[in-house]
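Descriptive structure summary
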Amino acid sequence: MLLLNQTPLLLLLLATSTLVPGAFSQIPRSWWPTAQLIDPPSGILIVGEGRPASISFNVDGDPFPRDKKWFKDGKQITSTASILIDESGGNIQKLQFNSISRSDEGTYYTIVKNVGDPEASKSPEVIVKVSYLDAIWDTSTPQIVDARVGEFAVLECRPPAHFGANPKFKWSKGNIPITESDSMYISEYGNLVILQVAFQHFASDYRCSITIDSLKEGYQTRQGPAVALRVLDNSASYIPPEIAMKPVDLNIDAQITESFRVECVVNGYPNLPSIRWYKDSVHISASSVIYDIQKRNYLGITIPRSGGTVGGRYRCEAYDGTNTVYASATIDINTKPIITTGLPTAEVKKSSGSELEVACGATSTPSPSYRWYKNAILLQENINTQINGGKLTVYHVTTMNKGVYQCEAYNDQGSSISTGMIVIQERLTFVIRPQDDEVYLGTAATFNCMGKGNPGPTSLQWRFNGGTPPDTHHFTTNIVNQATYTIPLVSTFEKNGRISCIISSPDNLYPSDTATAILTLREGPQVNAHVKDIVQKEGMNVDLVCTVHNVDTTTVEWKWLFGDTLLSEPDDDRITINPGLLEIRQITDADQGTYTCQADDDGLSNQDTIYLTVETRPKISLESSIRIGQGADANLVCIVGGNPKPVITWRRNNVQVPEDIAKYTIDNSVEGQSTLIVHSVDKISPQNSDVGDYICEGENRIGKTKETIELIVVAACEVMELPKNQTTDFGESITISCTVNDCPTATWTWKKDGTVLSFDGYTRINRGDNIELSKVAPSDGGVYSCTVNSNNGLNKEETYSATIVVEALAKITQFPESRVLYKEGDKVRMTCAARGDDTRQPLTVEWFKAGAIQSNNVVSVADRDSNEGMAYITSVLTKETAIASDAGHYYCTVLNKYNTDRRDTSLMLMTTPNKPGQPYSTWTGVGAIELAWREPLNTGNTPLTSYELHIASDNNPTPRPFLKNLDPQRVNTVIYFLNENQEYTFKVIAVNEVGAGPFSLPSNTIRTAEPITNDINLVEDFQLTPLSSDSIKVKWQIPERKNNALRGYKIVYRNEGKQEGPKFMVIDDFTVLEATIEDLDAGSLYSVQVESNTQVSVDLVVSSVQTTNTFNQRPTPPIGCEANRDTASRLIVTWSIPENTHGKVLEYTIYYRAKHFGVGANDEEWQEIVQKDPQTTTFPVQVGDTGVDYNVKVTASNAAGEGQETECTGTGMIIQLAWYTTWWFYLIIALVALFLLIILIVCVVFCCRNRSEKGPKMQKLPPVAAKKDEFPGSPKAQVYSPTANRNYNAPNNTQMNTFAGPGTMASPYGSPEPNPRFGAGDFSYGTQPAAPKPEYSYNGNKFNTYDSRASYNDPPKSAYPSYNEAPKSPYPTYDPPKSPYPTYDPPKSPYPTYDPPKSPPRPAYGGYDQGSNYDNNTYDSRYYKDRDTSSRGGGGGGYPPYDRNNNSSYGGGGGGNFKSSQL
């Protein structure tokens, strides 16, 4: 509701405030801030470009508003070099333009308020328009006009883009100005109208000029190109009355006060018709209008704006005595809104939570729209607020809804505002309510109360059980601060008592409210510590005692806690816990702290605390010695602890160090520490030497403690150049010096902030006495120290420090552009990123809008680079659902200890564009019209994307869309394919990315020209032939009646299924008689015209229209597609163009997918890649899975769509991977290897079994006659099968054992040892060998066993098929894959070259000798020859013969060597 409690006169002033300048100056004070428009009173300011101008408002209010801001298009503006805000006029608020320009066009208003007061008002809006006249005149289409003798002719001015009141047009012929007369005049729009054409009017140098007086001098006049008039003969005997130039419909703004003219031109021959004018079917008398002098066949009326209502329907009638014709036009007067129903003016109280409804109304032409403001901020609809034109409803009001409300009625002529004040009351509520309490009997209870409201409480009362409180209760009734109610000693009388607080305010809609608390008596144990604070000496015992009341003490359970730790006897043997008693023995300083005793009874508990203070004797921490250079100050630091605080004294030579002499200073400023400073230490003077022991002594009432430190004085190097404090910038380089003279043994240690420096690419040491820091960062700042050691046996070190400060200015590194555009409902994010030093002062980022800090919807994330010491911060201002009021000027500031950096941007709301200017015709032809218009004054803060053109005709008067997506950079277009000699009207819509704006005013009625009767250069017949889905062939003949002016042709064509303008093909050679129109849409109907292009003009001779359809055929499949792999993860796909493309190929699409086997193998989706370049028929495809094959297919697309697919071929009809890179190749290798291993194992088992069963067995043979001396002292030599163990008694009772199967060879000189070189049937000398081995080897060679039954003179044959034939390679044959490419280098075999061993010469006694140093042969042991003291028996080789007295024996059974002394 509205705060206005004044007289009826005031109500009248408010109702008329939008019309009468200064009306608000008569309103009494005690008024909210207002701003009433003074100049321009109409709300529209039209100023010539370059001229000065101003806008003025009368500002009022009580108190007088001090905060006044100006806005343009919703953005706040301030004084600049071209715009001045003048507040020197008291109540007059003025905006002064020094030299206005087109960039100053826009909507201006002011907002006024009191400083610190939320109430504000928005003024009516002022629309500023700038008159201008462009310098460039359109000369692209020369104008040639043909007219017959006796008829009228119109030479169009076609001025350049301009805007302004009363443009003045002039015409000249040659250099001679044309003056208006009975035979010719200049129309309202600048056209030269020749009423009756004669041959003397024939000329080619007519020129039009335009002048706008309101423009700045030098910019007022422009002259156009030459216009040609060609006069043709006329043989007609009678021409009936005809209105050649009809009056046109006009929309006139009410603020334009000049008169305007309505024109009507008629034709007739030989008698000129007479003309009469009617308004709304009533004849217009000469007293109400100004009749122009009738110029034969022309009559115009000039209607003054000052006289009455001029809007209406005007009709021109022409009568030649026989026939009558007429034409009409409508004049509409546009007016700005006038408030007819203002906002309510009386104050109405509304409480929080209720519904608020206010309304206003206005009248205007066109009808007004409405906007609502609160405190000058545009209101938006939400879940709680509904805006329905001039009606505002708030369903649930709160105190946030109070303020100055304004209803603004507006249209394109201006706006009017009704203003009022909404006051919301807040019901009484409690800020602090009395709370229920539970206390023990005999204790105190206190209750608090505080209320608020709008209006707030005027009184506060307390009640006990609904009545007056007893005298024993105490209370306060303060309504400003909180009130209290206290019961000092609670008794059973107060048990379950009700304490009520009552607040009241008679002026509030809800005059009172009550809050009540309940007081109950607490049950359970009441625990009290016997002594709250206990002090005891260290090492003593202490008892902590608590008592319990209000319960049976025999049922209470006790707990003791130290801090938060539950105490128990097993955890500490120094404590004993009894009911209500905690005993601690031999306490230490660690026992000091808070102890809690807790009593639990029947689920209820209570507790109390005791603080134990432990007194301890002093404890001293002191270095044993300190070395100080001669002449320096020595700091002897003694750290002393204890309770109570010890008194610290220093002694030397058992004498207390005096503090009253300059030699010593004792510093006790640090708690628990005493520093004895010995100034200028000296060891040279015997009587003044400072060298020796110093004693630090601490004493309190508990005891005394002392410690000793030795002061050693040594010589030091002399430092000539000390490090210096330096301040530098980020990224610079500095040098820190610490130079020592006359001390060649000195060494340096450099530190930064106490840490030894590590030298890297940014920190370098030179000769030890200086360091260089390059590209410094804030982290390089700090205290640098150099410690100099003389290294002369004294270990003297001196440290010198310097502070380096690296300044890193606060700098914004990322920010939005100067303009951020958004649409309502968009999510807007603006990021401000910065970096800078954050030491000693944090790096902070803040957002502002129009000077007000923005804290909501701002999220900042800080980070720090510890290497640089640089802080980084990113602050994002987010508008989740941006609304119109979010628009404005924003800026971001970043601040650190050095500086402040700032960046600005403007958040601009994108809206639909304003309506374009009224379209008008600049040329008409046969079935064609050239239309032009002015671009919108406001494009909605975003560039236009297109224009749309709507059309209506006399036989179809309903406007309908005709052309869309017109070039937004052009404000004119040629409309083809219209009916001949027919009237049309047009409207234009501007479109941006937000959407389409409103319609422009309709154009005047425009008639297309009649068919050309002169067929010179006319293409009368032509043919259309569809060629494909995107092309049409056009053929024609040279015009039968051709003159030398024919230069060529222009083909005009348009897709009839689209609302867009036509396209053109220009042919500059008239001998070319065919052309192909390409890049068309498939399956579409096209209209085509062929126009003659002459040297004089363009589009003068236009053929008839023919139509045809393009084909709707898609390409056939591409040819010869192949897909091969050049790497493991890439396919190369090649193909040829389709056999029949049916038009241009626009793109190719490659489909591919991995080839799998089994269930669901073909469920995988095809992947696709679009090749946009139709000239390229080779394309690489990156595949993800290198372990599978791929299927590939290719399609071609034209204007009709995507054609049929072709499957690509490759190795094996699919895309093959290089087999040696696939998983299945290695799987096959593994399976083959496993198979070979199984075969090998089977062969070994079979061979071993065969050897043991079939041969070379050592079977018992028939006895051979043996001489006794061959085997002296021995039985006959017998050979046994290795399948059974046999004994052989050799000489000297040596037992020679043979064993069946594989075995080992035992050492002949010791215990048996395993020997893997022996196979089945080995003899051992001594004990039976260990477990058998499956095979044996020596030096990598396998040794074979042969049948030893053969004759000595007949060696056995080799066990192999061909002894001298080398075995074959054990590896499989490697057949490398053939290359799919022209040049391919196959990989080499992954296996090593196998060089089979050559067969050795056959030995004398059968066997297979593969060794080099040993005899690995098998011999027949049945013979003895030539007293050779060796006998060779059966068995397999592999071990050297045992040699004793150079007599060897070779034997064995089933394999192996037999070794012994001579047999």
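A brief report on the enclosed structure follows. By convention here, each chain's residues receive numbers from 1 onward along its written sequence. Predicted model: local features are reported for residues with pLDDT of at least 70 only, side-chain atom pairs are reported and counted for 80 or more only, and whole-chain, interface and lining totals are derived from all residues. Each side-chain value is worked out from all heavy atoms of the structure, with water and hydrogens disregarded.

Next up on the list: the side chain of Gln982. Comment: elements are numbered from the N terminus, with helices defined as DSSP H or I runs of at least four residues and strands as E runs of at least two. Residue position: Gln982 is located in the loop between β87 (972–975) and β88 (983–992). For the exposure calls, accessible area comes from a 1.4 Å probe over protein chains only, and a residue counts as buried if that area is under 20% of its type's maximum, exposed if over 50%, partly exposed in between. Its relative accessible area of 9% is what places Gln982 among the buried residues. Polar contacts involving the side chain of Gln982 include one to the side chain of Asn979, which spans 2.8 Å. In this view, Gln982 contacts Ser953, Asp954, Asn955, Ile1006, Arg1007 and Thr1008; residues no more than four positions away in its chain are not counted. As used in this structure description, the phrase polar contact means that two N or O atoms lie within 3.5 Å; if the pair is within protein, one of them must be able to donate a hydrogen and the other to accept it, and residues adjacent in sequence are counted only when both atoms belong to side chains. Contacts are residue-level and defined by heavy atoms, with any inter-residue pair within 4.5 Å sufficient.

A few words now on the sheet that holds strand β92 (residues 1031–1036). Strands were regarded as paired on the criterion that DSSP finds at least two bridges between them. Taken in spatial order, the three strands of this open sheet run β91-β92-β95, and their pairing is antiparallel. Looking along the sheet, the strands with just one partner apiece sit at the ends: β91 (1022–1028) and β95 (1074–1077). For this sheet, the mean inter-axis angle between neighbouring strands, taken without regard to orientation, is 20°. Here β91 pairs with β92 via six bridges, running antiparallel. Bridge assignment links Pro1026 to a residue of β92, and that residue is Ile1032. Only the contacting stretch of a helix is used when fitting its axis, a line to C-alpha atoms as for every element, and angles between N-to-C directions run 0 to 180 degrees.

By convention in this document, the label disulfide applies to cysteine sulfur atom pairs within 2.5 Å. Tallying each qualifying case throughout the model produces nine disulfides. Between the sulfur of Cys157 and that of Cys208 lies a disulfide, 1.9 Å long from S to S. Judged by the sign of its S-S torsion, about -75°, the cystine formed by Cys157 and Cys208 is left-handed. With Cys157 in the loop between β12 (153–155) and β13 (162–163) and Cys208 in strand β18 (residues 203–211), this pair connects stretches of sequence that are 51 residues apart. With respect to class, Cys157 is no different from Cys208; both count as buried. A sulfur-sulfur separation of 2.0 Å characterises the disulfide bridge that pairs Cys449 with Cys501. Around the S-S axis, the bridge from Cys449 to Cys501 shows a dihedral of about -75° and counts as left-handed. Taken together, the residues span a long stretch of sequence, with Cys449 in strand β41 (residues 445–454) and Cys501 in strand β45 (residues 497–504) at a distance of 52 residues.

What follows deals with the sheet that holds strand β100 (residues 1130–1136). The strand order β99-β100-β103 describes an open sheet built from three strands, whose pairing is antiparallel. Both outer strands of the open sheet, β99 (1119–1127) and β103 (1178–1182), are each paired with one neighbouring strand and no more. Taking the axes of each pair of neighbouring strands and ignoring which way they run, one obtains an average angle of 20° across the sheet.

Looking now at the side chain of Glu494. Among the secondary structure elements, Glu494 is positioned in the loop between β44 (483–487) and β45. Despite its burial, Glu494 pairs with no opposite charge; the closest candidate is Lys495, at 12 Å N-O. The charge count includes Lys and Arg as positive and Asp and Glu as negative, but it does not include His or the ends of the chains. Think of a salt bridge as a Lys or Arg side-chain nitrogen and an Asp or Glu carboxyl oxygen that are within 4 Å of each other.

Within the secondary structure, Ser669 sits in the loop between β60 (664–667) and β61 (673–678). At 2.7 Å, the side chain of Ser669 forms a polar contact with the side chain of Asp667.

Of the pairings in the sheet, the one linking strand β85 (residues 944–953) to strand β86 (residues 956–966) comprises five bridges and is antiparallel in character. Note that in β86 the partner of Tyr947 across the bridge is Leu966. In textbook terms, the turn of a hairpin is the stretch between consecutive antiparallel strands, and for β85 and β86 this stretch comprises two residues.

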